[in-house]
Amino acid sequence: MEPIIAGNWKMNMGPGESRELVIKLLQLVSDVQNREIIVIPPFTSLPGVAEVLCNTKIKLGAQNMHWERGGAYTGEISGLFLKSLGCEYVIIGHSERRHIMLEPDEWLNRKLKTALDIGLISIFCVGETAQEREQGMTQQVIERQLNQGLRGIENEVHKMIIAYEPVWAIGSGKTATPKSAAEVHKFIRSKLKKPVTILYGGSVKPENVDALMQEEEIDGVLVGGASLKPESFARIIKFESKR
Ligand code: 13P
């Protein structure tokens, strides 16, 4: 399987900036092979980015969706709309949505089920906070997130991607060491019924991606801040690995 390098732009990059970013990125990665590249812009940038990416090797994802296909849900976005724009992926349960928007596991479970039904590939995020890690609860927290998020769809987990993003590593400049990330990936794999792709996320940068991607347990990376600059994201995409 090709390593997956996904860039989550979060609430950055308006429509114009987004188009410029992908135009530059396409130039920088024109020679890249054997990598699955995904960009995940804000909703309002999706149409413009989709137009630029049409018939290119870079895939498109969205940062969130509602579990209903449509209806009276002011301010929400249906997965069907995302699909019609050309999105193949959708992030579900990013820690910023779990912790800032207070999305409970039960909502994430509904969203994952809908994404499966309509044929979007979920990038389902799990990860512990600093406090949970200090209290030795990392495995317990992740197990809960997996059990509750995947309830009823345990046998379909191979149709999704899991992203391990320790909350303390997101936007903090602190990265999990490759060994400790690999350990958690191994734990996640041991809890799932099917083989699954697992990405690491949390302060991934050009300086640390090579070491992370050396670990067999790490199938790719989910990048935030460093995906906003075409040069740094391209360097991450072109990671060097002796694997
Ligand atoms: P940073 O790479 O900015 O730490 O963000 C990681 C992340 O949350 C990706 O989804």
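Please read these numbers as outputs of a predicted model, since none were measured by experiment.

*Asks:* I'd like a description of the overall build of the protein chain, backed by residues and values.
*Replies:* Assigned secondary structure in the protein chain consists of ten helices and eight strands. Computed over C-alpha atoms, the radius of gyration of the protein chain comes to 17 Å, within 12% of the 18 Å expected from 2.2 N^0.38 for 243 residues, which places it in the range of a compact globule. Overall, the C-alpha framework of the protein chain stretches about 50 × 45 × 30 Å when taken along its three principal axes. Sequence-distant contacts in the protein chain: of pairs separated by 6 or more residues, those separated by 24 or more amount to 73%. Carbon together with sulfur atoms contributes 51% to the accessible area of the protein chain, which is approximately 11,300 Å² in total.

*Asks:* Summarise the packing of helix α7 (residues 138–149) against helix α8 (residues 178–191); cite the residues concerned and give the values.
*Replies:* Between α7 and α8, the shortest axis-to-axis distance is 11 Å and the interhelical angle comes to 40°. Relative to α8, the element α7 is oriented oblique. Between α7 and α8 the crossing geometry is right-handed. Mapping the contact onto sequence places Thr-138, Gln-139, Ile-142, Glu-143 and Leu-146 in α7 and Val-184, Phe-187, Ile-188 and Lys-191 in α8. Within the contact of α7 with α8, the residues separate by chemical class into five nonpolar, two polar and two charged.

*Asks:* Give me the lowdown on the pattern of salt bridges, citing residues and values where you can.
*Replies:* Under the counting rule described, the total for this entry stands at 17 salt bridges. Residue Lys-191 pairs with Glu-143 through a salt bridge whose shortest N-O separation is 3.7 Å. Placement of Lys-191 in helix α8 and of Glu-143 in helix α7 is noted, with a sequence separation of 48 residues between them. Judged by its relative accessible area of 38%, Lys-191 is partly exposed. Glu-215 is the salt-bridge partner of Lys-179, the closest N and O atoms lying 2.7 Å from each other. A residue pair is termed long-range when its members are at least 10 positions apart, and Lys-179 in helix α8 and Glu-215 in the loop between α9 (209–213) and β8 (220–223) qualify at 36 residues. Owing to a relative accessible area of 14%, Glu-215 belongs among the buried residues under this scheme.

*Asks:* Please give an account of empty space enclosed by the protein that cites residues and values.
*Replies:* One way to see where empty space is left: roll a probe the size of a water molecule over the atoms. If you walk through the whole model with that rule in mind, you get one cavity of 30 Å³ or more. For the largest cavity, the calculated volume is near 30 Å³. Sorting the residues of the lining of the largest cavity by element identifies α4 (95–99) and β5 (121–126) as the ones contributing at least two each. Of the residues belonging to the lining of the largest cavity, the class tally is three nonpolar, five polar and two charged.

*Asks:* Give a description of the nonpolar core that names residues and reports values.
*Replies:* Ranked by size, the top nonpolar core spans 63 residues in total, and within it Val-39, Phe-124, Leu-146, Leu-150, Ile-162, Ile-188 and Tyr-200 carry the most contacts. Counting residues in each nonpolar core, the second largest holds twelve residues, with Ala-6, Ile-40, Ile-123 and Leu-222 among its members.

*Asks:* Tell me about α7, and name the residues and values.
*Replies:* Between the first and last C-alpha of α7 there are 16 Å, a value that for twelve residues agrees with the 16 Å anticipated at 1.5 Å per step. Listed as buried for α7 are Thr-138, Val-141, Ile-142, Gln-145, Leu-146 and Gly-149. On an axial view of α7, the arc spanned by its buried residues comes to 130°, and they lie on one face.

*Asks:* How would you summarise the sheet that holds strand β3 (residues 58–62) if you had to cite specific residues and measurements?
*Replies:* Spatially, eight strands are ordered β1-β2-β3-β4-β5-β6-β7-β8 in a closed barrel, and the strand pairing comes out parallel. This sheet shows a mean twist of 25° between the axes of neighbouring strands, independent of strand direction. Pairing between β3 and strand β4 (residues 89–92): two bridges, direction parallel. Bridge pairing in β4 links Gly-61 to Tyr-89. The strands that α8 touches are β5, β6 (161–164) and β7 (197–201); relative to β7, the one it contacts most, it runs at about 145°.

*Asks:* Now, about the pairing of β3: what can you tell me, with residues and values included?
*Replies:* The buried fraction of β3 is high, at four of five residues. Once the chain exits strand β2 (residues 36–40) it traverses helix α2 (residues 46–53) before rejoining the sheet at β3, and the crossover so formed is right-handed. On the question of chirality, the crossover connecting β3 to the parallel β4 by way of helix α3 (residues 79–84) is right-handed.

*Asks:* I'd like a rundown of the packing of aromatic side chains, residues and numbers included.
*Replies:* The full count for this structure, using the stated rule, is two aromatic pairs. The ring centre of Phe-239 lies 3.8 Å from the NZ or CZ of Arg-35, which sits over that ring.

*Asks:* An account of the site of the ligand is needed here, citing residue identities and associated values.
*Replies:* Lining the immediate environment of the ligand, one finds Asn-8, Lys-10, His-94, Glu-165, Ala-169, Ile-170, Gly-171, Gly-202, Ser-203, Leu-222, Gly-224 and Gly-225. The side chain of His-94 places a nitrogen or oxygen atom 2.8 Å from an oxygen atom of the ligand. In the model, an oxygen atom of the ligand is placed 2.8 Å from a nitrogen or oxygen of the Ser-203 main chain. Burial of the ligand by the protein chains amounts to 95% of its free accessible area of 310 Å².

Here is what the cut-offs are and how they apply
- Residues numbered from 1 in each chain as written.
- Predicted model: local features only at pLDDT ≥ 70, side-chain atom pairs only at ≥ 80, totals over all residues.
- Heavy atoms only, no water.
- Helix = DSSP H or I, 4+ residues; strand = E, 2+ residues; numbered from the N terminus.
- Rg over C-alpha atoms; globule rule 2.2 N^0.38 Å.
- Contact = heavy atoms within 4.5 Å.
- Areas by Shrake-Rupley, 256 points an atom, 1.4 Å probe, with all protein chains shown as cover.
- Axes fitted to C-alpha atoms, helices over the stretch in contact; angles between N-to-C directions.
- Parallel < 35°, antiparallel > 145°, perpendicular 65-115°, else oblique.
- Left-handed = near helix turned anticlockwise from the far one by under 90°.
- Nonpolar A, V, L, I, M, F, W, Y, C, P; charged D, E, K, R; others polar.
- Salt bridge = Lys/Arg side-chain N within 4 Å of Asp/Glu carboxyl O.
- Buried < 20%, exposed > 50% of the residue type's maximum accessible area, 1.4 Å probe, protein only.
- 1 Å grid on protein atoms, 1.4 Å probe; cavity = no way out; pocket = protein on both sides within 12 Å on 5 of 7 lines; lining within 4 Å.
- Points joined across faces, edges and corners; volume = space filled by probe spheres on them.
- Core = buried A, V, L, I, M, F, W, Y, C linked by side-chain atoms within 4.5 Å.
- Expected span 1.5 Å × (residues − 1).
- Arc of directions from axis to C-beta.
- Pairing = 2+ DSSP bridges.
- Right-handed = clockwise from strand over helix to strand, strands pointing away.
- Phe/Tyr/Trp six-rings, centres within 6.5 Å; stacked < 30°, edge-to-face > 60°.
- Lys NZ or Arg CZ within 6 Å of the ring centre and 35° of its normal.
- Near = heavy atom within 4 Å.
- Polar contact = N/O pair within 3.5 Å; in protein donor to acceptor, adjacent residues only side chain to side chain.

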